Amino acid sequence: MLPRELIASRPSWVRRQISNDEVFALTSEIISKSCTTGIEVGVASGFSSAVIFSALSSVDEDALLYSYDLSRKCYFDSTRNTGDAFFEMLGERTGFKLSTGVTSSEIDLPRKADFGFIDACHENPWPALDLLAMSRFLADGALVALDDIDTIFRRGLRHTNGGRDLYRAWPGKKYQLDGVSGLGFLIYDRASMLRAIQTTFALDWDAHIHPDVLGQYMKILSRVSPLAYLKLFLNVSRYAGTRDHARRHASLLDGKRF
Ligand SMILES: C[S@@+](CC[C@H](N)C(=O)[O-])C[C@H]1O[C@@H](n2cnc3c(N)ncnc32)[C@H](O)[C@@H]1O
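Residues numbered from 1 in each chain as written. Predicted model: local features only at pLDDT ≥ 70, side-chain atom pairs only at ≥ 80, totals over all residues. Heavy atoms only, no water.

**Details of the packing of aromatic side chains**
Condition: Between rings of Phe, Tyr and Trp, where Trp is taken as its six-membered ring, a pair exists when centres lie within 6.5 Å; planes separated by under 30 degrees are stacked, by over 60 edge-to-face, and by other angles tilted. What counts as a helix is a DSSP run of H or I of at least four residues, what counts as a strand is a run of E of at least two, and both are numbered from the N terminus. For a Lys NZ or an Arg CZ to count as sitting over a ring, it must be within 6 Å of the ring centre and within 35 degrees of the ring normal.
In total, this model carries nine aromatic pairs according to the counting rule given. Consider the rings of Trp13 and Phe76, whose centres lie 6.4 Å apart with planes at 40°: the pair is tilted. With a gap of 63 residues between them, Trp13 in the loop between α1 (3–8) and α2 (20–32) and Phe76 in the loop between β2 (64–69) and α4 (84–90) connect regions that are remote in the sequence. Among the aromatic residues, those joined into a cluster by ring pairs are Phe53, Phe86, Phe87 and Phe96. The lysine or arginine in question, Arg10, covers the ring of Phe47, its NZ or CZ lying 5.3 Å from the ring centre. Lying across the ring of Tyr167, Lys174 places its NZ or CZ 5.1 Å from the centre.

**So, the site of the ligand**
Here is the rule we go by: Near residues are defined by distance, with any heavy atom within 4 Å of the molecule or strand qualifying the residue. Polar contact is the term for a pair of N or O atoms within 3.5 Å; when the atoms are in protein, one must be able to donate a hydrogen and the other to accept it, and sequence-neighboring residues count only if both atoms are side-chain atoms. For this classification, the nonpolar set comprises Ala, Val, Leu, Ile, Met, Phe, Trp, Tyr, Cys and Pro, the charged set comprises Asp, Glu, Lys and Arg, and every other residue, Gly included, is treated as polar.
Within the structure, the ligand sits among 20 residues, and Ile18, Gly42, Ser48, Asp69 and Asp119 are positioned closest to it. Note that an oxygen atom of the ligand is positioned 2.9 Å from one of the backbone N or O atoms of Ile18. Contacts to the ligand include Ser48, whose side-chain N or O atom sits 2.8 Å from a nitrogen atom. The class makeup of the residues in the shell around the ligand is eleven nonpolar, six polar and three charged.

**Some remarks on the pairing of strand β4 (residues 113–118)**
Operational definition: Here's how the labels work: a residue is buried when its accessible area is under 20% of the maximum for its type, exposed when over 50%, partly exposed in between, all with a 1.4 Å probe on protein chains only. A pair of strands is considered paired only if DSSP assigns at least 2 bridges between the two.
Summarising burial for β4: five of the six residues are buried, a large majority. Direction of pairing for strand β1 (residues 37–41) relative to β4: parallel, over a ladder of four bridges. Of the residues in β4, the one forming a bridge with Val41 is Ile118. Relative to strand β5 (residues 138–146), β4 is paired through five bridges, and the arrangement is parallel. From the neighbouring strand, Gly116 faces β5, where its bridge partner is Val144.

**Some words on helix α7 (residues 190–202)**
Cut-off, in case you're wondering: By definition here, a helix of n residues has an expected span of 1.5 Å times n minus one.
In this model, α7 (13 residues) spans 19 Å end to end at C-alpha, consistent with the 18 Å of a helix rising 1.5 Å per residue. Here α7 has its buried residues at Ser192, Met193, Leu194, Ala196, Ile197, Gln198, Thr200 and Phe201. Its side-chain oxygen 3.3 Å from the backbone nitrogen of Ala191, Asp189 forms the N-cap of α7.

**Notes on helix α5 (residues 126–135)**
The element α5 is extensively covered by neighbouring structure, given that ten of its ten residues are classed as buried. Considered for burial, the residues of α5 that qualify are Trp126, Pro127, Ala128, Leu129, Asp130, Leu131, Leu132, Ala133, Met134 and Ser135.

**Here we look at the pattern of salt bridges**
Two side chains of opposite charge can pair, provided their charged atoms sit close to one another. Applied cut-off: Here, a salt bridge means any Lys or Arg side-chain nitrogen found within 4 Å of an Asp or Glu carboxyl oxygen.
Per the stated rule, a full pass over the model turns up six salt bridges. Residue Lys33 is joined to Glu29 by a salt bridge in which the shortest nitrogen-to-oxygen separation is 3.2 Å. Put simply, Asp77 and Arg80 hold a salt bridge, and the shortest N to O gap is 3.2 Å. The class for Arg80 is partly exposed, based on a relative accessible area of 25%. Taken together, the shared-partner salt bridges in this structure form one network comprising Asp77, Arg80 and Glu88.

Here it is in structure tokens:
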């Protein structure tokens with residue numbers, strides 16, 4: 001389906017979805033980079049899933065999209081399931097693999113992905129955690145789109161700058177398209193991901209993350225890079241300043257309650 005057909009077929013109940021400009025931007029970037037396997041975090045109605053899946057499928061009819069959302073019910077309309085708009089727009093598709101009631105720590109793919117989309121919790125450091133979890137399945141050179149990197153300009157969302165912080169912290173290749181200010185594109189590489197994770201962790205946190213949940217991501221980091229895990233631990237300990245604080249953070253990073 002073409003972007004303008006997708007926009008025209010969007011169910012009337014859909015809200016808080018990617019903008020029309022973002023529909024065109026995501027489609028053109030996915031197609032120009034010939035992406036065929038995607039990971040999406042933050043599904044809500046499923047409109048963005050339909051857009052991404054359509055673009056991936058126009059590159060390869062065996063395209064796969066793995067989509068994850070914390071909420072089983074659509075967060076703005078509890079009479080709908082998360083992802084319902086996808087099925088209304090495109091019907092059942094074997095290549096669309098939807099998991100709800102989960103965080104990105106559950107991401108699991110049978111092959112490497114060449115596209116990622118992050119549009120879940122926008123509070124720092126959630127987007128960085130989503131990228132970390134995704135990174136286990138991203139090929140070097142994969143395209144990663146970060147949504148809502150301009151929340152600082154939006155009333156009611158100014159305290160949720162995780163997308164912006166991750167985009168700013170990214171030391172590798174990145175770009176935005178003219179006229180699409182909310183969307184940032186990263187060209188994934190492991191070294192940039194590890195540096196960006198450490199930088200975003202050092203910035204102010206918007207989110208209060210339960211130690212058990214944070215512990216799941218720290219476990220992922222310790223597997224992805226034991227050295228980065230250690231550095232992060234040391235930085236957090238140094239920042240906290242005292243031995244007691246260090247102990248407190250140690251149990252936090254290990255995912256234990258304190
Ligand atoms: C802005 S909406 C996604 C909109 C969707 N991408 C679209 O354009 O149609 C954000 C979604 O992220 C989900 N979410 C929030 N925090 C999450 C987390 N930590 N992990 C996974 N999903 C989360 C919410 O349940 C919500 O459905």
